[in-house]
Amino acid sequence: MFPNAFEYQSPTSLDEAVALLVEHGYEAKILAGGQSLLPMMKLRVAAPTVLVDLGRVPGLDARTENDRELSLGAMTRHASLEWDEDLWARYPLLRETAAWIADPLVRNRGTMAGSLAHADPAADWGAALLALHGSVTVDGPNGSRRVGADDFFVDVFTTRLEPDEVLTAVHIPRPEHDVFATHLKLERKVGDFAVVAVSLQVEIDGDGRIRRPGIGLAGVGPTSLHATAAASLLEGQPLSLELIREAAAKASAATDPASDRRGSADFKRDMVRLFVERGLRSIESRFDEGRRRSA
Amino acid sequence: MALETTELRPLGKSIKRKEDARLVRGQGRFLDDIKLPRMLYLALVRSPYAHARIVGIDTARARALPGVHLVLTGEDLAKLNLAWMPTLAGDKQMVLATDKVLFQYQEVAAVIADTRALAEDGAALVEVTYDPLPVVVDPRRALEPDAPVLRDDREQRDNHIFHWEVGERAATDEALRASAVVVKESIRMPRVHPAPVEPCGCIADYDGAMGKLTWYVTSQAPHAHRTVLAMVAGLPEHKIHVISPDVGGGFGNKVPVFPGYVAAIVGSISLGRPVKWVETRTENLTSTNFARDYFMDVELGADDKGRVTALKVTTVADHGAFDAAADPTKYPAGLFSIVTGSYDFPTAFAEVDAAYTNKAPGGIAYRCSFRVTEASFLIERAMNSLALKLGVDPADLRFQNFIGSDRFPYDSPLGWTYDSGNYAATLNRALDMIDYRALRQEQAERRARGEFMGIGISTFTEIVGAGPSQSFDILGIKMFDSCEIRVHPTGKVIARLGTRHQGQGHETTFAQIIAEELGLSTEDVLVEEGDTDTAPYGLGTYASRSTPTAGGAAALAARRVRDKGRKIAAHLLEVSDDEVEWDGQRFYAAGAPEHAVSMAEVSLAAYTNLPAGMEPGLEATFYYDPPNLTFPNGAYVAVVDIDKGTGEAKVRRFVAVDDCGTVINPMVVEGQIHGGLTEGFAIAFMQEIAFDEDGNCLAPNFTEYLVPTAVEAPKWETDRTVTPSPHHPIGAKGVGESPNVGSPAAFANAVMDALSPLGVTNLDIPLFPWKIWEVLRQHGVTE
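In this section: the overall build of chain B. For chain B, the helix and strand inventory stands at 19 helices and 32 strands. For 783 residues, the compact-globule estimate of 2.2 N^0.38 gives 28 Å, and chain B sits close to it at 27 Å. Within chain B, the proportion of its 783 residues that are buried is 65%. Surface accessibility of chain B: about 26,300 Å² in total, with carbon and sulfur atoms responsible for 51%. One way to put it: in chain B the 75 positive side-chain charges average out to a point 1 Å from where the 104 negative ones average out.

Take a look at the structure:
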């Protein structure tokens with residue numbers, strides 16, 4: 001567990017960080033929380049010659065919220081999303097997801113943006129960002145651009161980020177109706193990457209109809225997947241067992257899992273079906289419960 | 001559990017562990033804490049191939065790296081006649097490969113440098129050219145006539161290592177033919193790894209001026225290691241000083257000698273500087289041993305009333321590339337012949353054929369008294385299948401077939417004499433604790449609702465404490481163990497033993513034995529182990545042997561001290577020797593208990609006021625050769641609920657009732673049980689060192705080799721029955737391994753019990769959720 005020799009850079013501005021990336025290109029890696037990168041370096045799976053630490057770049061831990069969206073700076077740690085009660089009511093999926101990530105030690109250090117940029121197809125945040133219809137801000141030598149979650153993930157460990165770009169913020173649309181979310185995960189032990197995970201968020205309007213549904217999937221393809229066909233089935237409909245089953249089947253059909261020691265492709269596909277079904281049914285019962293209470 | 005505060009007469013009390021004062025403060029001194037002046041670091045170059053011819057090794061770039069002091073290859077070692085080393089099993093093993101490699105991660109070259117990171121950089125610069133060869137990963141394939149011969153260093157032109165058998169083959173076959181019912185199962189106990197938190201490592205420090213080697217090493221058997229080193233390296237034994245500092249878990253992993261040790265010693269002798277080698281987690285999981293890997297076919301017969309008639313077990317054992325199993329020399333399949341378990345079999349037969357494969361060498365006795373875990377798993381799984389076939393309750397079947405408590409000492413059909421036990425009482429206690437009959441009622445109701453709930457029982461008998469000298473030795477050295485006690489003038493004691501604890505609590509439990517015998521407090525007794533210059537010779541700590549052997553030696557050495565103390569007491573009390581009585585704390589004159597002296601007073605007199613003609617001092621040494629092994633037993637009951645959606649088996653309850661004879665410290669025993677149960681849980685549900693068809697190890701780190709945390713581990717409910725060993729000086733048996741030996745079958749039996757309505761009797765462990773899901777899916781009963 002001994003990394004290759006590397007140079008450590010600790011820029012104090014975003015421009016400086018980008019300049020370092022421009023200078024070193026593929027030889028450089030950005031260090032945020034280090035919870036994936038450092039173990040990979042210790043195993044010499046990753047061997048960057050330059051580490052660019054974002055820890056001293058001011059402003060990257062900022063959080064802003066307006067009528068349209070919540071913006072989380074790149075250095076936002078998993079733990080702050082798990083424990084900040086202020087976010088729970090409007091953005092429940094953040095907490096639901098954060099609590100599933102690794103263990104408390106990792107959550108104290110690791111960042112949501114780092115996880116997204118790392119793009120492990122079994123990661124929880126990728127699935128969650130898709131379910132949230134989120135987007136990211138990317139800064140590089142040519143300025144700043146916004147990339148939607150649906151466009152961001154390209155392949156295993158590969159995103160739209162260029163080697164000289166930094167993912168600087170994550171954006172999540174502000175719900176317009178009552179919001180329900182859940183994150184379901186099959187893991188072999190606590191802290192494990194998902195065998196299969198399903199991230200679900202729906203809004204339900206005053207007529208009991210689903211708005212802006214999102215179904216993100218982890219561990220069942222080369223990237224985090226968005227079960228868009230299943231989600232569009234739900235749009236504008238009231239939840240019913242029949243609809244839930246149909247959506248679950250559609251979500252399952254949208255996957256492309258690999259057979260491995262965590263389970264066969266069939267098994268993983270069925271876990272997607274199961275979790276979408278279980279997740280939506282739990283949302284349905286919470287919604288019904290809320291109605292009964294207010295009635 | 002409440003801690004008892006009275007420490008006089010400490011035997012049987014939950015006294016806080018003395019060693020924890022330093023261990024829980026982070027003040028232990030482990031191998032990697034030791035840094036010597038001018039110390040260098042060693043890293044190993046390992047093979048990426050499971051089987052390949054070595055075309056060439058180019059070390060030039062590594063040698064040229066600033067900070068690299070030495071690069072060793074097999075060719076260098078061959079000049080010293082050290083390219084190969086003998087294994088404990090009588091085979092030989094490559095230290096650094098010369099002609100070819102036989103498993104992935106095999107040691108090929110060693111690089112010694114100023115820092116560990118530089119040594120790793122140097123290792124990355126060693127260029128090895130390989131020519132890949134056909135790979136054999138399945139031992140059953142290895143034994144086929146057309147399989148590639150892996151070990152071309154042997155005259156024998158196949159992959160067969162040994163055939164071992166015990167019992168009556170013909171009589172067993174005949175009894176099976178005559179049986180009303182015969183169950184057959186193929187039971188696999190997969191390859192696992194003990195994975196101690198502290199991996200293996202050493203520091204070799206050769207002093208050229210004095211010709212003395214000081215060798216710090218993570219060792220469960222420092223004396224045996226010294227002797228092996230003297231034999232292999234040709235160093236004089238009195239000039240080898242082995243120090244095994246605090247050891248962070250062993251579980252059998254730290255019994256053998258590994259190539260990294262030899263390379264570090266050669267490096268230190270060559271360079272005249274201390275050389276440290278500490279393996280990484282990946283190196284630990286992939287190269288320094290494994291456990292289990294038995295493929296067992298069983299036939300178990302019973303009459304129409306359910307009484308067992310015969311047991312036949314045919315086994316193929318995967319020993320990897322070199323037979324580096326750590327078994328007593330006369331027992332190539334360890335104590336697998338305990339396979340008849342707790343049941344009264346009229347006849348039995350067992351055989352094992354061992355094979356070479358392109359996998360890491362082994363296998364060691366992982367928290368197991370030499371293949372006892374494999375045997376217990378086999379018989380407990382087979383009894384479960386018999387109960388299913390007969391349609392009887394598995395608890396009732398066991399009660400019906402137990403060796404009765406009136407049958408001890410009991411001669412088993414495969415040659416052991418069980419010392420003691422009360423199996424029915426132990427199982428009854430477990431069933432009472434878990435309210436077994438109510439659970440069966442609940443299960444019937446759940447089954448009617450289409451739910452899958454299972455109750456698994458394991459009533460195992462272990463065989464530990466190797467062992468009696470007439471049959472137990474390692475490389476000829478008898479498996480006794482020893483204790484030396486020195487009582488100082490103020491009544492304070494230093495005791496040294498030939499064992500080496502790795503977390504078992506010897507500094508407390510052996511102090512309790514000695515303090516009990518001498519009428520002292522545990523605070524008065526300092527226990528030291530692990531330094532071959534100071535401790536008496538012994539074979540070490542593994543196979544649950546420390547209390548049965550060294551624990552016996554401790555009691556008997558203390559009694560020798562007390563015997564001399566009695567004579568001194570007679571002198572002080574001014575009575576004759578035979579008028580002195582001992583009340584457990586004091587000597588007193590017969591008939592006058594107020595006329596008494598304490599051991600502290602006797603100790604002072606041993607140095608100041610002796611009877612005429614008596615040799616001064618108060619010391620004793622005892623080398624204890626146990627007359628028999630000890631046979632701990634237990635009754636474990638697991639309750640699982642199957643998630644019909646995911647296939648996960650959730651352990652709802654687990655009750656463990658153990659009988660290890662006299663209990664020295666209930667808290668220490670409970671700790672041992674908790675640890676071993678957690679390991680057994682992992683073996684049943686999470687762990688396997690698996691390989692792909694090219695021999696690539698699929699579990700080379702803790703991301704893939706899963707170690708349970710408190711989150712996964714069920715809540716353990718423990719209790720005990722006490723049936724003392726009749727031959728052990730204090731009636732104690734070993735206990736460290738029982739939970740690992742006994743629990744995997746309880747978990748697996750619970751899952752099979754849950755799935756039995758589907759006609760399922762056997763699934764291979766580890767019982768990953770997908771395996772159970774596939775069964776549910778086949779039967780169309782998934783959620």
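It is worth spelling out the domain arrangement of chain A at this point. Residues and elements named next belong to chain A. Partitioning chain A into structural domains gives domain 1 (7-56), domain 2 (63-173) and domain 3 (178-294). Look at where the C-alpha atoms of domain 1 and domain 2 centre, and you get two points 18 Å apart. Across the contact, 14 residues belong to domain 1 and 15 residues belong to domain 2. It is Leu 14, Val 18 and Gln 35 in domain 1 that bury the most area against domain 2; as a group they hold 33% of the surface buried on that side.

Glancing now at the packing of aromatic side chains. Given two aromatic rings, one states the distance between the centres and the angle between the planes to describe the pair. Within the structure shown, the criterion is met by 33 aromatic pairs over all chains. On the numbers, 5.7 Å between centres and 70° between planes, the contact of Phe681(B) with Phe747(B) is edge-to-face. Taken as a pair, Phe681(B) in helix α17 (residues 666-685) and Phe747(B) in helix α18 (residues 738-755) lie far apart in primary sequence, 66 residues in all. Taken as a pair, Phe681(B) and Phe747(B) share a single burial class, namely buried. An aromatic cluster is built from Phe460(B), Tyr636(B), Phe654(B), Phe681(B), Phe685(B), Trp716(B) and Phe747(B), whose rings are joined through pairwise contacts. For the cation-ring pair, Arg95(A) lies above Trp88(A), with the distance from its terminal atom to the ring centre recorded as 3.8 Å. A cation over an aromatic ring shows up here: Arg545(B) above the ring of Tyr542(B), its NZ or CZ 5.5 Å from the ring centre.

Here we come to the nonpolar core. Ranked by size, the top nonpolar core spans 203 residues in total, and within it Trp215(B), Phe336(B), Trp416(B), Phe654(B), Phe685(B), Val751(B) and Leu755(B) carry the most contacts. If you tally residues by element for this core, the top one is α18(B), at 10 residues. If near-sequence neighbours (up to four positions away) are discounted, Phe336(B) is found in contact with Trp164(B), Tyr294(B), Met296(B), Val313(B), Thr315(B), Ala350(B), Val352(B), Phe370(B), Arg371(B), Glu374(B) and Ala375(B). Counting 46 residues, the second-largest nonpolar core is a separate cluster that includes Ile101(A), Val138(A), Val166(A) and Ala181(A).

The next subject is the packing of helix α14 (residues 506-518) of chain B against helix α15 (residues 547-573) of chain B. Residue and element names in this part refer to chain B. Packing of α14 against α15 leaves a shortest axis separation of 9 Å and a crossing angle of 25°. In this view, α14 runs roughly parallel relative to α15, as classed from their interaxial angle. When the axes of α14 and α15 are compared, the crossing they make is right-handed. Each of Phe 510, Ile 513, Ile 514, Glu 517 and Leu 518 in α14 lies in contact with α15, whose residues at this interface are Thr 547, Ala 550, Gly 551, Ala 554, Ala 555, Ala 558, Arg 559, Val 561 and Arg 562.

A few words now on the pattern of salt bridges. Scanning the entire structure with this criterion turns up 87 salt bridges over all chains. A salt bridge links Arg9(B) to Glu516(B); the shortest N-O distance between them is 3.1 Å. Placement of Arg9(B) in the segment before α1 (20-23) and of Glu516(B) in helix α14 is noted, with a sequence separation of 507 residues between them. Its relative accessible area of 34% is what places Arg9(B) among the partly exposed residues. Residue classification places Glu516(B) among the buried positions, given a relative accessible area of 16%. With its nearest N and O atoms 2.9 Å apart, the salt bridge here joins Glu442(B) to Arg652(B). One end of the pair, Glu442(B), is in helix α13 (residues 436-448); the other, Arg652(B), is in strand β31 (residues 649-659), with 210 residues separating them in the sequence. Residues joined in a network through salt bridges with shared partners are Arg261(A), Arg188(B), Arg191(B), Asp293(B), Asp318(B), Lys359(B) and Glu688(B).

Cut-offs used in this document
Residues numbered from 1 in each chain as written. Chains lettered and ligands numbered in written order. Predicted model: local features only at pLDDT ≥ 70, side-chain atom pairs only at ≥ 80, totals over all residues. Heavy atoms only, no water. Helix = DSSP H or I, 4+ residues; strand = E, 2+ residues; numbered from the N terminus. Rg over C-alpha atoms; globule rule 2.2 N^0.38 Å. Buried < 20%, exposed > 50% of the residue type's maximum accessible area, 1.4 Å probe, protein only. Areas by Shrake-Rupley, 256 points an atom, 1.4 Å probe, with all protein chains shown as cover. Lys, Arg positive; Asp, Glu negative; His and termini not counted. Charge placed at Lys NZ, Arg CZ, Asp CG, Glu CD. Domains from an automatic or database assignment. Contact = heavy atoms within 4.5 Å. Buried area = accessible area lost by both parts, 1.4 Å probe. Phe/Tyr/Trp six-rings, centres within 6.5 Å; stacked < 30°, edge-to-face > 60°. Lys NZ or Arg CZ within 6 Å of the ring centre and 35° of its normal. Core = buried A, V, L, I, M, F, W, Y, C linked by side-chain atoms within 4.5 Å. Axes fitted to C-alpha atoms, helices over the stretch in contact; angles between N-to-C directions. Parallel < 35°, antiparallel > 145°, perpendicular 65-115°, else oblique. Left-handed = near helix turned anticlockwise from the far one by under 90°. Salt bridge = Lys/Arg side-chain N within 4 Å of Asp/Glu carboxyl O.

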